[in-house]
Structures are given as C-alpha cells and as structure tokens.
Amino acid sequence: MTTGSTSNPCPAPPPQAEDPRRARDLVDLETGQISREVFFNQEIFDLEMKNLFPRAWLFVGHASQVPNPGDYFSSWMGSDPVLLTRDVDGGIFVLLNSCRHRGMRVCRYDEGNTMQFTCPYHAWSYSMDGSLVNVPGDLFGVPHMKAAYSGKLDKQNWGLVRCPKVYNYKGLVFANWDENAEDFLDYVGDFHWWLDNLADAFDGTPGETEVFHGVLKWRIKSNWKFVSENFLGDTYHGASTHASVEAVGIGPGGRGKRRHGERQDQGGHSTGRMKTSFRNGHGASDNLAYEIAYPEFIEPEMNEYFDQAWATRKERLDAEGRRLGGRGPATMFPNMSFAAGFPRSILVAHPISPTETEVWRWFLTDKKAPEPVREWLRQYYMRYGGPAGMTEQDDMENWDYATQASKGVVAQRYPYNYQQGLGTEQLSELDRAVHSNHAISGEVNARAFYRRWSEFVDNLSWDELIEIAKSDDRIDAIIRRQEEEAVTEAAAGKVNH
Amino acid sequence: MPTPDYSQGPDRWALLQEVSEFLFAEADLLDERRYDEWLDLLADDYQYSVPLRMNVEYADADTRGETKAGSEVCWFDEPKSTVELRVMQLATGVHWAEEPVSRVSHLVTNVRIEEVAWPEVKLSSRFLVYRNRVADETDFFVGRRQDTLRKTDDGWKVVRRYLLLDQTVLLAKNLSVFL
C-alpha cells in the first residue's frame, strides 16, 4: 500500500515534446508582424497554460487584503485556483486551492478568515496553524484516519500544494510555481522602479499603500494578451478609443481637463514621454525622466495633500539620486498591468480560453491618506476604471470585437501589424531596456513582450531563458544605426563644404 | 382634508399604484434614451449605488455579502453629477461601448412599499435589465433594488437608488447601461 511520497511543493512538469520553434515562428520581429494564431489558436493557448503561466511570476493579491492571521483571499494563477493566506506568525503563503484527495476546491469563498480549510467532499482538513502542523497548509484532519489508512498516511506529504516561490514586494504579492525560475528581483530587473512607484505612497514613503476593499472582476470575450498589451505601452489607442471620456472630462481638475489629470501640454504627445521596453518582456508607457507633478485639483484639500506629497517625494528621490517619472501605465510580463498615478490601480488578466478572459482590478490608496482624499480617489477610480468606468468600457468593446473579427478563417491568414517605430528605438540608461522615439506611436514594447512570450511558450528552460535575455540585441542595433547615421552625416557635411 | 393613511387601506394601494407607474415610466425614458427627461426625475441629492457582491459564508451573507457603499469599491457609488457625465458620454457619438446603440429593456417587478416618511417613500423591487448588442451579444443584469422617492411640487423624484446585482464576477463585458 502506497500512502506517501508525493513531494510538496509540486514537482516540475515533464519536458514538452512540441516543436521547439513554433511560437517564435509566429512572431516576426524583423518585419514587425505577429500571426493571429498567437491570439486565437487553441493549441497555442494550451501551450501558454503549460509553459508560460506555471513558470512566470504572477500577481496574486495585495498583502493588505490579508492583514491578520487566518485571513485569506481567493485568487488564480493561470488555470489554477489559489489561496493567498496569512498564518499565525504573519507569514504569507500561496496554496493550490484543490484538495489532495479528490481535487475539490476546498475554499469557494472570495475572502475570509479561518485557521482551517476543510474540504466539503470528504472533510480532509488543512491547517494554517503552525503549532498543529509543520508548515501552514499541511494536512491536519483525515476522517477515519486509522481505519482508512491504517494510520500510515503521511500527512506531511499530502498538504495543500504550496507555491514554492512567493515574493512580497512592498505589499504586492507575487508567486511562481517553478522552483527553477529566476528570483523575483532578477525577473523584474530595472522595471522595479515602476513597481516602486505603484507600491510607495504618493510622497514616496516605501510600501505605504493599501488596496480598497472590493476587487472588480469581469469577463471579456477576448484573449488575455489584448489586455496586457493595452497597458504595456499602447498609448496609440487613447485618442480614438477614449475620445468620449476625454470629451467629457472626469479627472482631477474636472470638465475640460484630461482624464489622468495632466495639463493639456502634458501626457499624450508631450516631449520627453518615451516608452520603455525591457528585453524580458515588461514595458511601460513612459520613462523615469518623464517627470510630471501631481495634477491640479478643484478641491483645496486635494491640492494641499498632493502638493505636499510631491514636494516630499521630490526631496526624498532627489536625495537618492532617483528620477521622478515612471508612473505607467505598464505591464509586468505576462499579465499584471498597473498605473501608478491617476488612477493608481492594478489589473490582472486571467486567461480562461483563447477568446475569454477574466479581468480583475484593484485600486490603491496611501495608508495615511485623510478621509477626504481617500474618498475622492475612490470615486474617481470607480468612474474611471473597470467595466462601469467611463474609460475602460470602451476598451472592452474594442478587444471583444477585434477578437470576433480576427478569428475567421480568412482573417487568420493575415498577421497583425507591429511595425510602429521599427528601427527608431532609442538607448536607455536602464539595464537591458530601450525607449520608443515617440510618446504615442511606437510598438517596441509589444515586440519585446511577444518575443519573451514566444520564448516561454516554446518552453525554453530557465537556464536558456536567462541566458537569452542576458544581453539586449536591440541596444547593439541602435548603436550600429547611430554609427551609420554619423558616417552619413559626416559624408553629407563634406559634400556641403 | 385629512392626511392620507399610507400604512394601510385604499390610500396605500393608491400610493403603490402611483409610485409603480412612476418607476415604469422612468424605465421607459431610459430605454428610449430620453436622458434629459430622465435626469429631471433624479433629485439633486440623488445617489446611485451598486456594490460588489462576494461569495461569503451563510452566516456572513447579510453583513459581508457585498461591499459597502460610501467607503468601499462598488460598480457604481456616485452622485447625480457623475450620472450626468455618463449621459454626456453617451451623447458624444464616439462612446464605442454604446456605438452602435444597444437595445435595452428595464423590467421592474415585485414593487413594494417598505416605508413612508412623507414626502419620501422607500420602495423595494426587483430589476431585470436586458441588453442586446450588435447581433448575438446579450446580457442580463438581475437583482434587487431599493429606491427612495420624494414627492415634490414638480412630481416624484428619485433620491436614492441601491441595487444588489446577483453576480460576483460581472458576466457582461461592461456596464455601459444604467441599471
């Protein structure tokens, strides 16, 4: 009788036998074309589920959602339901929400507090109390233990499957199923500056943010990558997609002001707003040197709070030698998107099928924000984002009907165009990153995202994934181009003389 | 003339009839996109709230089953001035979520008077909002509704509208219609 010995955390998946070049062949970086199969092919989707989501760092939830021992929040990582939990000692765990006996989802509540998850099916129970079990999440109670298993069931090996890699970055909780995955800080690299701006208070105090209670969750009939790409650096869609909300004016400053609160000469096309694209797939719609102060509000108490916050942040960051930009919108590869300004919000695009996605949105506030500021932000966030938000409503219309019109047999033969700014990328001071040369146009971020995506989907090993992204060949190309341009200019100069 | 007795009898029936007809007429204005006339029916201190629903334990359903309007994230929790912005957006002609225009029917049923505190009346009802878009895109928004109406010299006005939508994950792609 075998009763034990499945390792916990879970073993790495077996190597895949699929054609190792397939996904990379669908992404043509030279000509800036990406096959529609990337978005609509079921086999590709299945490969994403197997090769990408269980190996990438995924956002699970915010630590402020589980402040006390026993608190939990139900979340998803790719195709798997998980529980974000807090144990007696304050530790954060991510557990697979599936009983080890017959797989029942042990917890079907969205959130709550318990020291014990008891499966409704046969009542195996799992404890979050480290004084009862070795590690929180371990199997504790088994009905008829003695009769059923002759007392031989090795409870330690049959606990809820624990995610082996969990990282709490200033309250942002990320997890990765792959023990061999690169560490979180290496995975994010210099993109962490954007995460800092998301997680730090408006005055720059590290990690002094929390989420409002209530996560918006909604279904769209579209591929999850449409969502990631939208926030990754697609500033090109704003003028058309969001024309109606911009005409109305719902941001700080009210009617006639931009929805993010910038002045008319800021944001959008303004000079210096270059996008930032990282070799390992992350991307942002702006750059660290693009420094715009917080908006002007109609309400005096808002101006007081944000003027003070900006001044404090500037002083703090200047002292650290840091630039003040980096507000996003941005996407951390593969499916966590966020904006660190107005609004300040996190989004995760949970894949369901090639043409269905469940989108979740959280909103953040400074922990110490006074009530009027908190309330102003809450109301702004609700009228701005999510399915009822006056901005985001129009995004979903595009994503869903782009999906419908793209998946026909004839339509599938024609790739999408990702040629914006091809060959005009700019050097960056950030590690393995380049910039677009324009604030609005430029699809450099998307090209890098899909390159990284294809490397994961093709199931390159973590050693290969790290090795291949150790240098950024785009930087070499920019240097070559600049040298050629210098030669051409010099030649032109000689002719003129 | 004696003060009508709204607690029972013919006066209460007449009141129920009157407020029900008001709700049905209001629904027609929405479905016919006569938004300016509809906005006139909302009191200046109108508040529109649709909290998020959550999966919680039976014992907690009454206390933790939905987010709190007034302090937590809701689908909607806004004053009349925000509703007016939404109407403006619909009229721009470039609000793609509602271009082309959806076909919408508001059904209001189970109307019941919960409380009369003249000139205000608190009503309980159920709503079913059906939306059909483009071709096969069909959404049902169903749930419970609480309205507070106020009788004014200018007729009935809606003061408070609180809706409990019976979904935790919104199964429609957006909420570009008024519930």
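Treat the numbers as computed from the prediction; the structure is a model and nothing was measured. (Residues numbered from 1 in each chain as written. Chains lettered and ligands numbered in written order. Predicted model: local features only at pLDDT ≥ 70, side-chain atom pairs only at ≥ 80, totals over all residues. Heavy atoms only, no water.)

Colleague: What is the right way to look at the sheet that holds strand β5 (residues 137-152) of chain B in this model?
Modeller: The pairing of strands in a sheet happens through backbone hydrogen bonds and is either parallel or antiparallel. Residue and element names in this part refer to chain B. Ordered by their spatial adjacency, 6 strands build an open sheet running β2-β1-β6-β5-β4-β3, and the pairing between neighbours is mixed. Of all the strands in the sheet, just β2 (74-79) and β3 (103-117) have a single pairing partner and so form its edges. Between one strand and the next, the sheet's axes are offset by a mean angle of 20 degrees, whatever the strand orientation. By the bridge criterion, 12 bridges tie β3 to strand β4 (residues 120-133) in an arrangement that is antiparallel. Its bridge partner being in β4, Ala117 is matched across the sheet by Glu120. Strand contacts of helix α4 (residues 80-90): β1 (42-51) and β2, with the helix running at about 110 degrees to β2, the strand carrying the most contacts. (Pairing = 2+ DSSP bridges. Helix = DSSP H or I, 4+ residues; strand = E, 2+ residues; numbered from the N terminus. Axes fitted to C-alpha atoms, helices over the stretch in contact; angles between N-to-C directions. Contact = heavy atoms within 4.5 Å.)

Colleague: What is the right way to read the interface of chain A and chain B from this model?
Modeller: The interface of chain A with chain B comprises 41 residues on the first partner and 41 residues on the second. Of the roughly 3,500 Å² buried at the junction of chain A and chain B (both faces included), carbon and sulfur atoms supply 57%. Between the two partners, chain A and chain B, sit 4 salt bridges. Notably, a salt bridge pairs Arg64 of chain B with Glu111 of chain A, separated by 3.8 Å at the nearest N-O pair. Along the contact surface separating chain A from chain B lie 22 residue pairs in polar contact (both at pLDDT 80 or more). Listed by contribution, the elements that provide at least two residues to the side of chain A that touches chain B are β7 (111-113), β14 (216-220), α8 (238-241), α9 (243-248), β20 (356-366), α11 (371-384) and α12 (392-406) of chain A. Element by element, the count of residues in the side of chain A that touches chain B is highest for α12 of chain A, at 7 residues. Among the residues making up the side of chain A that touches chain B, the classes are represented as 18 nonpolar, 10 polar and 13 charged. (Buried area = accessible area lost by both parts, 1.4 Å probe. Salt bridge = Lys/Arg side-chain N within 4 Å of Asp/Glu carboxyl O. Polar contact = N/O pair within 3.5 Å; in protein donor to acceptor, adjacent residues only side chain to side chain. Nonpolar A, V, L, I, M, F, W, Y, C, P; charged D, E, K, R; others polar.)

Colleague: Can you walk me through the packing of helix α3 (residues 42-52) of chain A against helix α13 (residues 444-457) of chain A in this structure?
Modeller: How two helices pack is summed up by the angle between their axes together with the distance between the axes. Residue and element names in this part refer to chain A. At a minimum axis separation of 8 Å, α3 and α13 run at an interaxial angle of 80 degrees. Comparing their axes, α13 and α3 come out roughly perpendicular. Only Trp453, Phe456 and Val457 of α13 make contact with α3, whose side of the interface consists of Ile44, Leu47, Glu48, Asn51 and Leu52. Partitioned by chemical class, the residues of the contact of α3 with α13 number 6 nonpolar, 1 polar and 1 charged. (Parallel < 35°, antiparallel > 145°, perpendicular 65-115°, else oblique.)

Colleague: Just to check I follow, could you spell out the packing of aromatic side chains for this structure?
Modeller: Aromatic ring pairs are defined here through the distance separating the ring centres and the angle between the ring planes. All names here are of chain A. A full pass over the atoms with the stated rule returns 52 aromatic pairs over all chains. Each ring, one from Trp124 and one from Tyr149, has its centre 6.2 Å from the other, and the planes form 75 degrees; the classification is edge-to-face. Of this pair, Trp124 sits in the loop between β8 (116-118) and β9 (125-127) while Tyr149 sits in helix α4 (residues 145-149), and the two are 25 residues apart along the sequence. The exposure class assigned to Tyr149 is buried, which follows from its relative accessible area of 17%. Their ring planes at 75 degrees and their centres at 4.9 Å tell us that Tyr294 and Trp310 sit as a pair that is edge-to-face. Highlighted residues: Tyr294 in the loop between β16 (283-284) and α10 (300-320) and Trp310 in helix α10, separated in sequence by 16 residues. For Tyr294, a relative accessible area of 9% gives the class buried. Residue class for Trp310 comes out buried when judged on its relative accessible area of 14%. Seen from the ring of Trp360, Lys217 lies directly overhead, with NZ or CZ sitting 4.2 Å from the centre. Sitting over the ring of Phe202, Arg344 keeps its end group 3.9 Å from the ring centre. (Phe/Tyr/Trp six-rings, centres within 6.5 Å; stacked < 30°, edge-to-face > 60°. Buried < 20%, exposed > 50% of the residue type's maximum accessible area, 1.4 Å probe, protein only. Lys NZ or Arg CZ within 6 Å of the ring centre and 35° of its normal.)

Colleague: Any chance you could explain helix α7 (residues 224-233) of chain A here in plain terms?
Modeller: Buried residues dominate α7 of chain A, accounting for 10 of its 10 residues. Among all positions in α7 of chain A, only Trp224, Lys225, Phe226, Val227, Ser228, Glu229, Asn230, Phe231, Leu232 and Gly233 of chain A are buried.

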